[in-house]
Each structure stands twice: as structure tokens, then as C-alpha cells.
Number of protein chains: 2
Amino acid sequence: MKVKLASSYGFCFGVKRAIKIAEGYKNAATMGPLIHNQNEIDRLKNDYNVGLYENISEVKPKDTVIIRTHGIPKRDLKELKQKSAKVINATCPFVTTPQQIVKKMSEENYSILIFGDEHHPEVKGVKSYGKDTDDVHVVMTKEDLENIEFKYDKIATVAQTTRKKEIYLEIVNALILKNKEVRVFNTICDATFENQDAARELSKEVDVMVVIGGKNSSNTKQLHSICLENCKDSYLIENAQEIDKNWFKDKELCGITAGASTPDWIIQQVVDSVQKH
Amino acid sequence: MKVKLASSYGFCFGVKRAIKIAEGYKNAATMGPLIHNQNEIDRLKNDYNVGLYENISEVKPKDTVIIRTHGIPKRDLKELKQKSAKVINATCPFVTTPQQIVKKMSEENYSILIFGDEHHPEVKGVKSYGKDTDDVHVVMTKEDLENIEFKYDKIATVAQTTRKKEIYLEIVNALILKNKEVRVFNTICDATFENQDAARELSKEVDVMVVIGGKNSSNTKQLHSICLENCKDSYLIENAQEIDKNWFKDKELCGITAGASTPDWIIQQVVDSVQKH
């Protein structure tokens, strides 16, 4: 099977940075999984003894704790600082930005709107920076706006870094028509676009697409959904072991891309495996 | 001919207010035509001796000068205050708002974008309030953005009060995709929408539409263009004298609407005249 890689794929700036930080703190532990990739988490454990806590209650007084790219809620950060010996903040700078915007804008008496998934750790963290969290609202679509009562007629908006810009614009447009001032911060990350644009192009020219990434990772799922629009034989896998030879029957060219949390060594294993079919 | 009036038409709040102000200052003069309607200007001259200056150079030291709804550039206001005895500001409050926004935002180091016609007096006035007028840009379409170099990556936008909201959103969306922060002030006036929405509805159900308003008035021209989308027999007139009986041949129902600068007494004359056909 012939293989073609997307022109942009895999780790974004924030993830590369967080892994490098983690590799620098042997015997530390991350607060929640550092990235949406079990294989990479295993590698950090085996090579650097970087562990993983699921709850702050597990943290012990002499621990060095690493905060992952998604960030954490403000009160959790405070609790961690009180509990552990050292807190290393590997929050992606592109996530720190919306956190600080929400803090500043709510202090200036703007109602806050976050475009994103309210259950996603990044959004929970960003939301926690509002002065009055009752006036920090989270929506996924413009229809969700109908149920919201803003405290002010001045709205500031941020977006979860991995969201689709088209839907953000729909939401922002609805806000502009109903409010005096809308302060729009484009916090959607370019890296997500670059991987998405490359996946879109590649999926148009191949017979089968393989998307490598965590099945819980929102950016990987979006990559998969974009590929499916152009190539119905698009498959989402976490590693080379999940490859099914039937996918390549009567096919000539296989496109490969990977989510922002997928390390290069896993991508290489998938490329090698697909080429053998 | 049966006649049906649009559910909203004619004078907006700002024009009603300006005329009332002018009626209160006998023997004063307006700086430029108070509204886009020669007949109403004549009435103010005849009934209240309110004159009209086209240039500041015509103003004499004992004059009382009235500033019209569109507002005037900052330096002209200053010159007028130095030259004349009294300056009465009848600038529409909905135009004062974008003037003050441009002033404040440019002081806070935002690049300024105005959606509107750079030759329109309202836009010239609003633009003049920028701290650095080289960084106050005026566009009519999103394509116009291509030629603009903003000084900052934080943009504040306002719109000429009579513009179409759909085009404003197109421009704003293009800005959001290219800039970190876009501060969108919705300065488009609801009165314009209300007349437009009513004209749209009415033009769908009638055989012929008559739009009354100044042929130089941007909001009247927009009303006419909206009516033409639904009713090809839509005519723009300034007064009853321009009515052509051929328009009503084989027609049953005539819709009538009027631009924001059209006084009720002219509308009544048109209604009376159309009913006779």
C-alpha cells in the first residue's frame, strides 16, 4: 500500500512543550493525563518515572506536580500549591490566554461567553477564571444562546482552542445582532486549523484515510469527521495494532494524519504497518 | 387603487428630534441640510426662518448654527464654536455613540475600522474622532479589507447607522479570523431595520410599491433596493408630483413606505394621490 502523510499532523506546540517540561522533572506526577495518548503516558512513566494522579486528594506533600496543557480550574491550582512541594505549570500558553482574558473581562464587567464543551477540562479551567462564574456561559451552538441571560449588554467571548472557527463565527454573529458590544477574542489555535486543512486536502485524493489519535481527544475526532466528509473509508485508530487489513482491499493510496496528541514514534509504526499491506 | 402602508416607515427618532430642535431656534441656520428632504427644509425656512449654510465660511459671528443628525468632523465643530455665537448640536445620539467609541478605542490603541461610505458626512464625522486618523479605516465590503494595514492586532469596529447588518457581519467575520481581538460595536440603528423589515414584508404582498424619500438618502435607496427584490414594480419618489399613473395599470394593491427623512405630510400627500388612481 502506498502511503501519503498529511502536510501537517501530530503534536502541536503546546504538547511538545509539555512533554519536554515533563521529561525535565523525573519522578514527578502529572495532574490528569498529560495528553490524550496512553502510549505516550506509558513512555513518560517508563523512561522518566513521570506518574499520573487522577485526583488532587492523591497528591502527597513532597510531590512535584505537573499541570497539563489543558490547564486546571483556579481553585484546584490553589489547592495544589498548598498541598504539594512544587507545581510545574505546563498549561499551553494558548490556553493561558483565554484564562487571562476571562479574568480581565469579567473584572471589567463584561458578561463572558465561552464557545466549547463545558465538560472539557480546558473549558472548566478557563471558566473558573471568571469573577462571577454565574455570568460565564458555555455554548456549543448558536441555538444554545437562547437559554442564556447575560448580566450585561457588553459580552466578551473566547473559544476552546480546538473548536471549529465556522461555528464560532455563527455564535459571535448572533451575539453581535443582540448586544451593544461584543469583544471577540480569537483563541482558536492555528495548529488545529493547519492539521485540519491538511487532512481535508489529503482525504480528497486518497482511497482510504487513517487518522491516528486518542479516541477521547476532541481534535482527533474532528480530524476524523473532516476526513469522512471526503473519504468514507476513514478510520480512527490509537496505534498500529488496531489496523485492519480489510481496509486496504482494492485500494491504492492510503492517507495518514494524526491528532495533536499523537507522538511521532506511533505515527512511524502506523506508516510502517500500512506500507506492508 | 387600494393602498397599504408599511407597519414602520418614515422619520426615525434622531430626525424627529433634530427637527424639533430646529423648530425651537427661529432664525438659526443648519450646517448642511438638516435632513435629506428638500420639502422639509423649505418648510423649516418658511415656517421658522431656519436657513441653511453649505460651508463654514458662510457663518457669521452672530449666527446660531445647528449641527444636523449626521454630525460633523471634530475640527469643523471646533471652528464653528470659534466663529459663531451659538452652536446647537442636533447630532443623533446614535451617531454620537460611534464618534465616542472611535475616540475611546483609538486612545486605547485599537486600530479602528468603520463600515460605511467614506464620503458620507456621518462617516467623515465619526472618522475624525480617531486619535490617529491614519489608523481609522473605512470599508464598504469585506474585500476592501485586503488593502488595509492595521497598526495593531486589536481592532475596534463601528458601522454607519444606516448600513446592512449582514454585510457588517461579513466584514467582522473576516476580521475575527485574522486578528487576536475584534471589539465589535453594533452601531447600526434599529429604526433602519424596522423600516426595512416592514418594507420587505409589504413588498411581498402588493402589486406595486412606492418608496418615498430623498434620492440622495442612503437609507431610502436601501429601502428601494429591498422592495425591488420582492416586487419589480417598485418606484422611488421624493413627493406626490413624481407619481406616474402608468405604474398602477392593471394593479390592485399599492404598498407605500418612506425613508427615515420623509415627513408625514409628504407621505399623506402620496397616499391621497395614489388612492385616486
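Residues numbered from 1 in each chain as written. Chains lettered and ligands numbered in written order. Predicted model: local features only at pLDDT ≥ 70, side-chain atom pairs only at ≥ 80, totals over all residues. Heavy atoms only, no water.

Engineer: What should I look at first to understand the domain arrangement of chain A in this one?
Structural biologist: Interface size is often expressed as the accessible area that is lost when the parts come together. Residue and element names in this part refer to chain A. Assigned domains within chain A: domain 1 (2-9 + 190-275), domain 2 (13-91) and domain 3 (94-184). Relative placement of domain 2 and domain 3: their C-alpha centres are 27 Å apart. Counting residues at the interface gives 11 residues for domain 2 and 11 residues for domain 3. The junction of domain 2 with domain 3 conceals about 820 Å² of combined surface from both sides, 60% of it contributed by carbon and sulfur atoms. The largest contributions to the domain 2 side of the interface with domain 3 come from His70, Lys74 and Thr91, which together make up 54% of the buried area. Linking domain 2 with domain 3 are zero salt bridges, by the criterion used here. The interface formed by domain 2 and domain 3 includes one residue pair in polar contact (both at pLDDT 80 or more). A class-by-class count of the residues in the side of domain 2 that touches domain 3 yields four nonpolar, five polar and two charged. (Domains from an automatic or database assignment. Contact = heavy atoms within 4.5 Å. Buried area = accessible area lost by both parts, 1.4 Å probe. Salt bridge = Lys/Arg side-chain N within 4 Å of Asp/Glu carboxyl O. Polar contact = N/O pair within 3.5 Å; in protein donor to acceptor, adjacent residues only side chain to side chain. Nonpolar A, V, L, I, M, F, W, Y, C, P; charged D, E, K, R; others polar.)

Engineer: Just checking my understanding: could you explain the sheet that holds strand 12 (residues 253-258) of chain A for this structure?
Structural biologist: Sheets are built from strands that pair by backbone hydrogen bonding, the pairs being arranged parallel or antiparallel. Residues and elements named next belong to chain A. Pairing within the open sheet is parallel, and its four strands lie in the order 1-12-10-11. Only two strands of the sheet have a single neighbouring strand rather than two, namely strand 1 (2-5) and strand 11 (234-237). Going across the sheet, the axis of each strand differs from the next one's by a mean of 25°, ignoring polarity. Pairing of strand 10 (residues 208-212) with strand 12 involves five bridges; the strand directions are parallel. Paired with isoleucine 212 across the bridge in strand 12 is alanine 258. (Pairing = 2+ DSSP bridges. Helix = DSSP H or I, 4+ residues; strand = E, 2+ residues; numbered from the N terminus. Axes fitted to C-alpha atoms, helices over the stretch in contact; angles between N-to-C directions.)

Engineer: Looking at this structure, how should I read the interface of chain A and chain B?
Structural biologist: Contact residues are listed per partner, giving 15 residues for chain A and 15 residues for chain B. Roughly 1400 Å² is buried in total at the junction of chain A and chain B, and carbon and sulfur atoms are behind 57% of that figure. Considering only the surface of chain A that becomes buried against chain B, A:Leu169, A:Ile176 and A:Asn186 emerge as the three largest contributors, covering 34% of it. The tally of links from chain A across to chain B stands at two salt bridges.

Engineer: Where do I start with the relation of the copies chain A and chain B in this structure?
Structural biologist: Think of it as a corkscrew move, a rotation about one axis and a shift along it, taking one chain copy to the other. Structural alignment of chain A on chain B gives an RMSD of 0.1 Å, achieved by rotating through 180° and translating 0.1 Å along the axis. In the structure described here, the two chain copies are related by an operation that fits a two-fold rotation axis. Relative to the rotation axis, the C-alpha of A:Arg183 is the closest in chain A, positioned 2.1 Å from it. Both copies contact each other with a shared surface, as 100% of the interface residues of chain A are interface residues in chain B too. (Least-squares fit on C-alpha atoms with pLDDT ≥ 70 in both.)

Engineer: I keep staring at the side chain of A:Asp63 and nothing clicks. Help me out?
Structural biologist: Residue and element names in this part refer to chain A. Mapped onto the fold, aspartate 63 is located in the loop between strand 3 (51-53) and strand 4 (64-67). Comment: no salt bridge for buried aspartate 63; closest opposite-charge side chain is lysine 60, at 4.6 Å. Here the side chain of aspartate 63 touches lysine 60 through a polar contact of 2.7 Å, landing on its backbone nitrogen. If we ignore the near neighbours within four places in the chain, the residues touching aspartate 63 are Tyr53, Glu58, Ser84, Ala85 and Lys86. (Buried < 20%, exposed > 50% of the residue type's maximum accessible area, 1.4 Å probe, protein only. Lys, Arg positive; Asp, Glu negative; His and termini not counted.)

Engineer: What am I meant to see in the environment of B:Glu58 here?
Structural biologist: All names here are of chain B. Mapped onto the secondary structure, glutamate 58 falls in the loop between strand 3 (51-53) and strand 4 (64-67). What makes glutamate 58 partly exposed here is its relative accessible area of 31%. As a C-alpha pair, glutamate 58 and glycine 214 span 156 residues in sequence and 25 Å in three-dimensional space. With residues near it in sequence (within four places) discarded, glutamate 58 still touches Leu52, Tyr53 and Asp63.

Engineer: What am I meant to see in the packing of aromatic side chains here?
Structural biologist: Aromatic ring pairs are defined here through the distance separating the ring centres and the angle between the ring planes. Under the counting rule described, the total for this entry stands at eight aromatic pairs over all chains. Here a set of aromatic residues connected by ring pairs shows up, and it is made of A:Tyr235, A:Trp247 and A:Phe248. Looking at A:Lys154, its charged tip hangs above the ring of A:Tyr110, at a distance of 4.5 Å from the centre. The residue whose ring lies beneath B:Lys165 is B:Phe193, and the NZ or CZ to ring-centre distance is 4.4 Å. (Phe/Tyr/Trp six-rings, centres within 6.5 Å; stacked < 30°, edge-to-face > 60°. Lys NZ or Arg CZ within 6 Å of the ring centre and 35° of its normal.)

Engineer: Even after reading the chapter, I still don't get the nonpolar core, so can you show me in this structure?
Structural biologist: Inside soluble globular proteins, nonpolar side chains tend to come together where they are buried. Among the nonpolar cores identified, the biggest contains 34 residues, and A:Leu113 and B:Leu113 are the most heavily contacted of them. If you list the elements that add at least two residues to this core, you get strand 6 (111-115), strand 8 (154-159), helix 6 (165-178) and strand 9 (181-185) of chain A together with strand 6 (111-115), strand 8 (154-159), helix 6 (165-178) and strand 9 (181-185) of chain B. Apart from residues no more than four positions distant in its own chain, B:Leu113 is found in contact with B:His137, B:Val139, B:Leu145, B:Ile148, B:Phe150, B:Ile155, B:Ala156, B:Thr157, B:Val158, B:Ile171 and B:Leu175. (Core = buried A, V, L, I, M, F, W, Y, C linked by side-chain atoms within 4.5 Å.)

Engineer: Would you explain the packing of helix 7 (residues 190-205) of chain B against helix 8 (residues 218-230) of chain B in this entry?
Structural biologist: Residue and element names in this part refer to chain B. Packing of helix 7 against helix 8 brings their axes to within 8 Å, and their N-to-C directions diverge by 30°. Classified by the angle their axes make, helix 7 and helix 8 are roughly parallel. By crossing handedness, the relation of helix 7 to helix 8 is classed as right-handed. Residues Asn195, Gln196, Ala199, Arg200, Ser203 and Lys204 of helix 7 form the contact with helix 8, whose own contacting residues are Gln222, Leu223, Ile226, Cys227 and Asn230. Classifying every residue of the contact of helix 7 with helix 8 by side-chain character gives four nonpolar, five polar and two charged. (Parallel < 35°, antiparallel > 145°, perpendicular 65-115°, else oblique. Left-handed = near helix turned anticlockwise from the far one by under 90°.)

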